[in-house]
Amino acid sequence: MDKANTPIVKRSLFSWVFADNIKLQILLVFIIIFTVFARVLPLEMQKRIVNEAIKLRKIDLLLLYCGVYLAAVVAASGLKYLINIIQTLISQRATAGMRKELYHHILTLPLTFFRRTQPGTVVNALVSELAIPGNFVGMAVAVPLTNVLTLLAFAAYLFWLNSFLAAVSLSIYPLVLFLVPLLQKRVNRLNRKRVDTSRELSSRIAESITGIHEIQGNGAYGIETRRFNGLVDKLYKIRLVWQLYRFGIKTANNFFTSLGPFLVFILGGYLAIKGRLELGALVAFLSAQEKLYNPWKELIEFYQVYQDGSVSYKRTMQYFDTISEYALEPVGREPYELDGSLEIKHVSYVTDDGIKLLDDINLSLNPGEHLALVGFSGSGKSTLALCIGQLYNYTEGNLLLGSKEVSELSKKDLVYNLGFVSQSPFIFDGTLKDNLLYSCLAKINGAGTDEKDALPTLDDMIEVLQQAGIFVDVLRFGLNTVLMHDQHGDLIAMIIRMRDNFQRDFGAELADYVEFFNEDKYLYHSSVVENLTFGAPNLESFADHNLPENKYFLDFLKEADLTRPLLGLGAELSKQTVDILGNLPPDEIFFEQSPIAPDELNAYKELVERLKKNKLHQLSDDDRKKLLKQALRFTPGKHKMVGLPPMLEQLILEGRALFKENISIDYPDAVSFYDISHYIFSETILNNIFFGKTKTTNPQIQEKINQSIIQLLIAEDLLETIVEIGMHFQVGTRGGKLSGGQRQKLAIARAFLKSPKIMIMDEATSALDNKSQARIQNLLDLRWKGRNTLIAVVHRLDIIKNFDKIAVMKAGQIAEMGTYDELIDRKGMLHELVHGKK
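For the structure given in this document, a descriptive report is provided here. Each residue is numbered by its place in its chain's sequence as written, counting from 1. With pLDDT at 70 or above as the cut-off, local features in this predicted model cover only qualifying residues; side-chain atom pairs require 80 or more to be listed or tallied, and sums for whole chains, interfaces and linings still use all residues. Think of the side-chain values as coming from all heavy atoms in the structure, minus any hydrogens and water.

### Re the overall build of the protein chain
Thinking step 1. Along its length, the protein chain carries 33 helices and 14 strands.
Thinking step 2. Taken over C-alpha atoms, the radius of gyration is set against a globule rule of 2.2 Å times the number of residues to the power 0.38. In terms of C-alpha radius of gyration, the protein chain reaches 38 Å, well past the compact-globule figure of 28 Å for 838 residues.
Thinking step 3. By principal-axis analysis of the C-alpha atoms, the protein chain measures approximately 115 × 85 × 55 Å.
Thinking step 4. Buried positions account for 49% of the 838 residues belonging to the protein chain.
Thinking step 5. We call two residues in contact whenever any of their non-hydrogen atoms come within 4.5 Å of each other. In the protein chain, of all internal contacts separated by at least 6 residues, the share reaching a separation of at least 24 is 76%.
Thinking step 6. Approximately 42,200 Å² of the protein chain is accessible, and the part contributed by carbon and sulfur atoms is 55%.
Thinking step 7. Think of it this way: Lys and Arg go in the positive column, Asp and Glu in the negative one, and His and the chain ends go nowhere. Where a charge lies is defined by one atom per residue type: Lys uses NZ, Arg uses CZ, Asp uses CG and Glu uses CD. Counting 93 positive and 94 negative side-chain charges, the protein chain places the averaged centre of each group 11 Å from the other. Secondary structure is summarised from DSSP: a helix means a run of H or I of at least four residues, a strand means a run of E of at least two, and numbering begins at the N terminus for each. Remark: exposure states derive from per-residue accessible area (1.4 Å probe, protein chains only) relative to the maximum for the residue type, with buried under 20%, exposed over 50%, and partly exposed in between. All accessible areas in this document rest on Shrake-Rupley with a 1.4 Å probe, and a residue is counted as covered only by the protein chains that are shown.

Here's what the structure looks like:
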């Protein structure tokens, strides 16, 4: 069978042994032959040393035989190490190959498979369950061949020394060959249960993590703990018995192989006493008998690895043995360029459980027409859209895109012609730009063209970001970026030049919203430590979070008479935080007005209790450090639960000048002080343009600031540069650093950038505000209608008036279809949905 065209789920475990490894396996065979010879040679040398060198008292023979013995041992050890290297290489190569092929196969499985499969099951299969089969592949040639040849060589040597003694000592091995497979059958049964239960446990963990909001929201800790504990106990019992049987096999093997030396001593000693066996031969016999144990042990362990690997491999492949519903690539042709027309004739869709979700659907669209699918929840709107997009395989009828039957199109055909935006789009971990280009890259890779030549331009990307309404967000990401010392040298120089322009043009207008850095004034929207240092640290030891433990800085605080006032501020912050927030849930929103983080609250509760019994000077060094840390974090404009004493404010301003004076002499390179002619690498691009910090997060004021910044960036020809930096923003796992609306806008921009002939939008604007929804709908009406076909599942009915056709669905059928005005005039279902039932 051609391995290249055979799905991985149909390949046997042994097919991996020689796949891409033939040369290495042949090399192993030659190395193993030399290794076996090197293992047997010391036995003959032992016999000759005793019978010839020692008996005849010849030093030259003793040195010769000992030299050969040593050379053989060294050669055997070196060759064994080389075998292990090649074996490991084959094993890891096979494991990597299995994972790659299985992952690719899993990605092509139908959506119905994933509806019944937990992510944890897939993760466990790819990460854990393929490791043992991979190990077996590496061992498949080296271990049995090495040890079988070694056993045969030792056995032949023993028969050459004394056939009777050899036959008796080797007679125990047939017993082992009978007993081990018997026990292994039970091990295999338990191993299958272990694999299935481990998979179930992984699924339970994945489900709990995915649904953590529901668990915490409902306080269902006990329910989930009981479920998890039940599975853990089940796996514990299975693994316990499984391991006991495995140890039983090893114990039985060790017992029988230990009988060999006993038999040699009894019979060999008797023959030696009677003069029928030379002493050197007896020594060699005992040595060979002892060395028989290791290859025999390795063969038993190999047998167990094979059985475990075989069970794990078969179980995994059986689980994923599902065929993709559609061909991935067109055969013997290029992908079709469809014209955007849609014709559906008598289409029905029945699930595997026999539930009919679509029933006799009929409709048609000309290229460039826009269709809205509306109806009550569960009416089949999204199901129909998914069938058109080849995500569900309709079970009856004909569904034609560009006169081609959808069920006969390859996935690549759909990639070339269709775009899809779901209600809950998935945003992948990586940069915003990675996600924006995701659909385009999929199309380019399918075409086999050079990415650099075929990728959209920066202007194209900025255009779709503006169309989707996420441009300002991306600009903000760029402005909130902290640049590294070795990055964007030209940009840094331009930002420094921009400061004068910004303060001249917008300084007075934004003075109430931006706190500009001024060496002679206290900065209420910066922390105490930032006010003291008034600069950016260049050494890690002078970073803000390390200063409470920096001896130089602590000595400075004493010199500036700041230690005790700051400890007092820290004590007051701790008391107020514990008093006000002590009994509230550990949620970030409650702690916004305190420098104490939610996960630190318990430690500060205990500290406040100690403060009730001790004065500041009586506290331990650790407690004083905690108080100082909170005081240095304190930002008066943000942490409103405690006010900044005027006397302490004046002391900090005086301390600022003293710190600059001292450190400029003692550590001149430790801190870069704020200077309007120098870039501040610890601050964002926005704060560098301001040469200050914003005082508020009010959306209206932020919009006013954004407009000022945009005007300035346009004037300086830097807008595109900042947006490009913003596109490198890391969106987090599942786009966790983006809001729901931002994720939808990014998905829409991704589809717009691809500009497919046919677009499917499944409630794609449901997380957007009214203004954003209206803007995107206007864009679709103005730029897409007549050029690109649109099938939209719509929940909000106030945006459907301009669609060419509206299909109202109920119970899997199209109840009525026509233009908005036609359906409203009929006073049928759409009229009822829009105006309510009267």
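### Comments concerning the packing of aromatic side chains
Thinking step 1. Any Phe, Tyr or Trp ring, taking Trp's six-membered ring, that has another such ring centre within 6.5 Å forms a pair; planes under 30 degrees apart are called stacked, those over 60 apart edge-to-face, and the others tilted. Evaluation of the coordinates by the stated rule reveals 28 aromatic pairs.
Thinking step 2. Relative to F320, the ring of Y319 lies with its centre 5.2 Å away and its plane at 80°, an arrangement referred to as edge-to-face.
Thinking step 3. Assessed through its relative accessible area of 0%, F320 is described here as buried.
Thinking step 4. Ring centres of F553 and F556 lie 5.7 Å apart, and the angle between their planes is 45°; this geometry places the pair in the tilted category. Residue F553 and its partner F556 are located together in helix α22 (residues 551-559), separated by three residues, close to a single helical turn. For the pair F553 and F556, a shared accessibility class is recorded, and that class is buried.

### Regarding the sheet that holds strand β2 (residues 356-365)
Thinking step 1. Pairs of strands are assigned from DSSP output, requiring at least two bridges between the strands. The sheet built from four strands is open, its strands ordered β2-β1-β4-β5 with antiparallel pairing. Each having just a single partner strand, β2 and β5 (404-405) make up the two edges of the open sheet.
Thinking step 2. In the sheet, strand β1 (residues 342-350) pairs with strand β4 (residues 396-401) via five bridges, with the strands oriented antiparallel. The residue of β4 that forms the bridge with E343 is L400.
Thinking step 3. Here an angle of 0 to 180 degrees is reported between the N-to-C directions of two axes, which are lines fitted to C-alpha atoms, with helices fitted over the stretch in contact. Of the strands in this sheet, β1, β2 and β4 touch helix α13 (residues 381-388), which is tilted by about 65° from β2.

### Topic: helix α31 (residues 770-784)
Thinking step 1. By this rule the span expected of a helix is its residue count minus one, scaled by 1.5 Å. With 15 residues, α31 extends 20 Å from end C-alpha to end C-alpha; this agrees with the ideal 21 Å at 1.5 Å per step.
Thinking step 2. All buried positions along α31 are accounted for by S772, Q773, I776, Q777, L779, L780, D781 and W784.
Thinking step 3. Where α31 begins, one side-chain oxygen reaches toward the backbone nitrogen of K771, 3.1 Å away; that side chain belongs to D769.
Thinking step 4. Count one or two residues on from α31 and you reach G786, which has phi positive near 90°. N or O atoms closer than or at 3.5 Å make up a polar contact, with two conditions inside protein: a donor-capable atom paired with an acceptor-capable one, and, for residues adjacent in sequence, both atoms drawn from side chains.

### Examining the pairing of strand β3 (residues 370-375)
Thinking step 1. The buried fraction of β3 is high, at six of six residues.
Thinking step 2. With burial as the criterion, each face of β3 is covered, one bearing H370, A372 and V374 and the other bearing L371, L373 and G375.
Thinking step 3. Summarising the sheet, β3 and strand β12 (residues 789-793) pair through four bridges and their orientation is parallel. Bridging from a neighbouring strand, L371 pairs with I791 of β12.
Thinking step 4. Examined bridge by bridge, β3 and strand β13 (residues 805-810) share five bridges and lie parallel to one another. For G375, the partnering residue across the bridge sits in β13 and is M809.

### Observations regarding the nonpolar core
Thinking step 1. The criterion is simple. A nonpolar core is a set of buried Ala, Val, Leu, Ile, Met, Phe, Trp, Tyr and Cys residues joined through side-chain atoms within 4.5 Å. Core analysis: the biggest nonpolar cluster contains 77 residues, and I685, I689, L713, I800 and I806 have the highest contact counts within it.
Thinking step 2. Per-element tally for this core: the top contributor is helix α30 (residues 740-754), with seven residues.
Thinking step 3. Residues contacting I800, with those up to four places away along its chain left out, are A372, V374, V794, I806, Y820 and L830.
Thinking step 4. F542, L566, L569 and L581 belong to the second-largest nonpolar core, a separate cluster that totals 45 residues.

### Quick word on the environment of D587
Thinking step 1. Residue position: D587 is located in the loop between α23 (563-581) and α24 (601-611).
Thinking step 2. Remark: the alpha-carbon pair of D587 and I132, spanning 455 residues in sequence, is separated by 44 Å.

### A word on the pattern of salt bridges
Thinking step 1. In the sections that follow, a salt bridge refers to a side-chain nitrogen of Lys or Arg positioned within 4 Å of a carboxyl oxygen of Asp or Glu. One pass over the full model with this rule turns up 20 salt bridges.
Thinking step 2. Between D321 and K10 there is a salt bridge whose closest N-O contact spans 3.0 Å. Within this pair, whereas D321 is found in the loop between α12 (293-319) and β1, its partner K10 is found in the segment before α1 (22-54), the two being separated by 311 residues in sequence.
Thinking step 3. A salt bridge links K693 to E683; the shortest N-O distance between them is 3.9 Å. Taken together, the positions of K693 in strand β10 (residues 692-694) and E683 in the loop between β9 (671-673) and α27 (685-690) put the pair ten residues apart, joining distant regions of the chain. Pair check on accessibility: K693 and E683 agree, each one buried.
Thinking step 4. Each of E530, E683 and K693 takes part in a single network of salt bridges with overlapping partners.

### Quick notes on the sheet that holds strand β6 (residues 418-421)
Thinking step 1. Taken in spatial order, the six strands line up as β6-β11-β12-β3-β13-β14 in an open sheet, and their pairing is mixed. Where the open sheet ends on each side, the last strands, each with one partner, are β6 and β14 (813-818). Averaged over all pairs of adjacent strands, the angle between strand axes in this sheet comes to 15°, irrespective of strand direction.

### Comments concerning the environment of R333
Thinking step 1. Position of R333 relative to the elements: it lies in the loop between α12 and β1.
Thinking step 2. Note: C-alpha distance between R333 and A631 (298 residues apart in sequence) is 71 Å.
Thinking step 3. Once residues lying within four places of it in the same chain are set aside, the contact partners of R333 are S410 and D413.
Thinking step 4. A distance of 3.4 Å separates polar atoms of two side chains, one belonging to R333 and the other to Y336.

### As for a negative patch on the surface
Thinking step 1. Residues enter patches when they are more than 30% accessible in relative terms and free of salt bridges; like-charged ones are connected within 9 Å and nonpolar ones (Val, Leu, Ile, Met, Phe, Trp, Tyr) within 5 Å. On the surface, D459, D460, D717, E720 and E724 cluster together into a negatively charged patch.
Thinking step 2. Of all the elements in the fold, those that place two or more residues in the negative patch are α18 (458-468) and α29 (719-726).
Thinking step 3. Relative to the helices and strands, D460 resides in helix α18.

### Observations regarding unusual backbone geometry
Thinking step 1. You will see that H346, though not glycine, has its phi angle at about 55°, which is positive.
Thinking step 2. Considering the arrangement of structural elements, one finds H346 in strand β1.
Thinking step 3. The backbone phi angle of K827 is positive, close to 55°, even though this residue is not glycine.
Thinking step 4. On the secondary structure map, K827 appears in the loop between α32 (820-826) and α33 (829-835).

### Concerning the side chain of S574
Thinking step 1. Counting through the fold element by element, S574 comes out in helix α23.
Thinking step 2. Discounting residues that sit within four places of it in the chain, S574 has contacts with I596, Y604, V608 and L627.

### Structural notes on the packing of α18 against α31
Thinking step 1. The contact between α18 and α31 brings their axes to 8 Å, and the two run at 125°. The orientation of α18 with respect to α31, classified from their angle, is oblique. Contacts between α18 and α31 involve E463, Q466, Q467 and A468 from the first element and R775, I776, L779 and R783 from the second.
Thinking step 2. In the scheme used here, Gly and all other residues not listed as nonpolar or charged are polar, with Ala, Val, Leu, Ile, Met, Phe, Trp, Tyr, Cys and Pro taken as nonpolar and Asp, Glu, Lys and Arg as charged. Taken together, the residues of the contact of α18 with α31 sort by class into three nonpolar, two polar and three charged. To sort the angles, those under 35 degrees are grouped as roughly parallel, those over 145 as roughly antiparallel, those from 65 to 115 as roughly perpendicular, and the leftovers as oblique.

### Let's talk about a nonpolar patch on the surface
Thinking step 1. On the surface, a cluster of nonpolar side chains totalling about 700 Å² of accessible area is made up of F18, I22, I26, V29, F30, I33 and F34.
Thinking step 2. Tracing the backbone through its elements, the reader meets I22 in helix α1.

### Focus: the environment of S439
Thinking step 1. Along the polypeptide, S439 turns up in helix α16 (residues 438-447).
Thinking step 2. Residues S439 and G419, spaced 20 residues apart in sequence, show a C-alpha to C-alpha distance of 8.1 Å.
Thinking step 3. When residues no more than four places from it in sequence are discounted, the contact partners of S439 are R750 and K754.

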